[in-house]
Amino acid sequence: MYRITIDRDACDGVFACLVRDDRFVEDSEGLAAIETDDQTAIEATFDDDRRDDAEQAAAACPLDAIHVESVEEDAGAADTPAGTDHEEVQP
């Protein structure tokens, strides 16, 4: 499992991440967000084989606004579908 986090204070809307990983989208404020289950988030946890895409998006960000880290699966997360542990971006 891994977590993607976007630092909204660091993001400047360069969007180099969008071409590396299609989960990244432009939100209503003109900043990067992660699309999960038809919602946008600034943090999401995934259990899939797309970590390399996320790491490429993070590496492409010239402002280091994207962080990808490993997370341990705990009892609560085991019942949560991939990509649903997130904070919604408020417009």
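These notes cover the structure that comes with them.

Calculation rules
Residues numbered from 1 in each chain as written. Predicted model: local features only at pLDDT ≥ 70, side-chain atom pairs only at ≥ 80, totals over all residues. Heavy atoms only, no water. Helix = DSSP H or I, 4+ residues; strand = E, 2+ residues; numbered from the N terminus. Buried < 20%, exposed > 50% of the residue type's maximum accessible area, 1.4 Å probe, protein only. Contact = heavy atoms within 4.5 Å. Areas by Shrake-Rupley, 256 points an atom, 1.4 Å probe, with all protein chains shown as cover. Arc of directions from axis to C-beta. Salt bridge = Lys/Arg side-chain N within 4 Å of Asp/Glu carboxyl O. Core = buried A, V, L, I, M, F, W, Y, C linked by side-chain atoms within 4.5 Å.

1. Re the overall build of the chain
Step number 1: Assigned secondary structure in the chain consists of 2 helices and 6 strands.
Step number 2: Written out in order from the N terminus, the α and β elements of the chain read β-β-β-β-α-β-α-β.
Step number 3: Across the 91 residues of the chain, 38% fall into the buried class.
Step number 4: By sequence separation, contacts in the chain at least 24 residues apart represent 69% of the contacts at least 6 residues apart.
Step number 5: Surface summary for the chain: the accessible area is close to 5200 Å², and the carbon and sulfur share equals 41%.

2. Some remarks on helix H1 (residues 51-60)
Step number 1: Along H1, the residues classified as buried are Ala54, Ala57, Ala58 and Ala60. Buried residues along H1 cover an arc of 165° about the axis, so they all sit on one side.
Step number 2: Contacts made by the buried residues of H1 are with strand E1 (2-6), strand E2 (24-26) and strand E5 (66-70).

3. Here we look at the pattern of salt bridges
Step number 1: Counted according to the given criterion, the structure contains 10 salt bridges.
Step number 2: Notably, a salt bridge pairs Asp27 with Arg8, separated by 2.6 Å at the nearest N-O pair. With Asp27 in the loop between E2 and strand E3 (32-36) and Arg8 in the loop between E1 and E2, this pair connects stretches of sequence that are 19 residues apart. The same class applies to Asp27 and to Arg8, which are both buried.
Step number 3: With a shortest N-O distance of 2.7 Å, Arg51 and Glu55 are connected by a salt bridge. One end of the pair is Arg51 and the other is Glu55, both in helix H1 and 4 residues apart, which spans about a single turn.
Step number 4: On the basis of relative accessible area, Arg51 is assigned to the partly exposed category, the value being 25%.
Step number 5: If you follow the salt bridges from partner to partner, you end up with Asp21, Asp22, Arg23, Asp48, Arg50 and Asp53 in one network.

4. Here we look at the nonpolar core
Step number 1: Ile4, Phe24, Ile34 and Ile66 are the most contacted members of the largest nonpolar core, which totals 19 residues.
Step number 2: Contributing elements (two or more residues each) for this core: E1, E3, strand E4 (39-46), H1 and E5.
Step number 3: Setting aside residues no more than four positions away along its own chain, Ile4 makes contact with Arg23, Phe24, Ile34, Ile42, Glu43, Ala44, Phe46, Ala54, Ile66, His67 and Val68.

These figures capture arrangement, not role.
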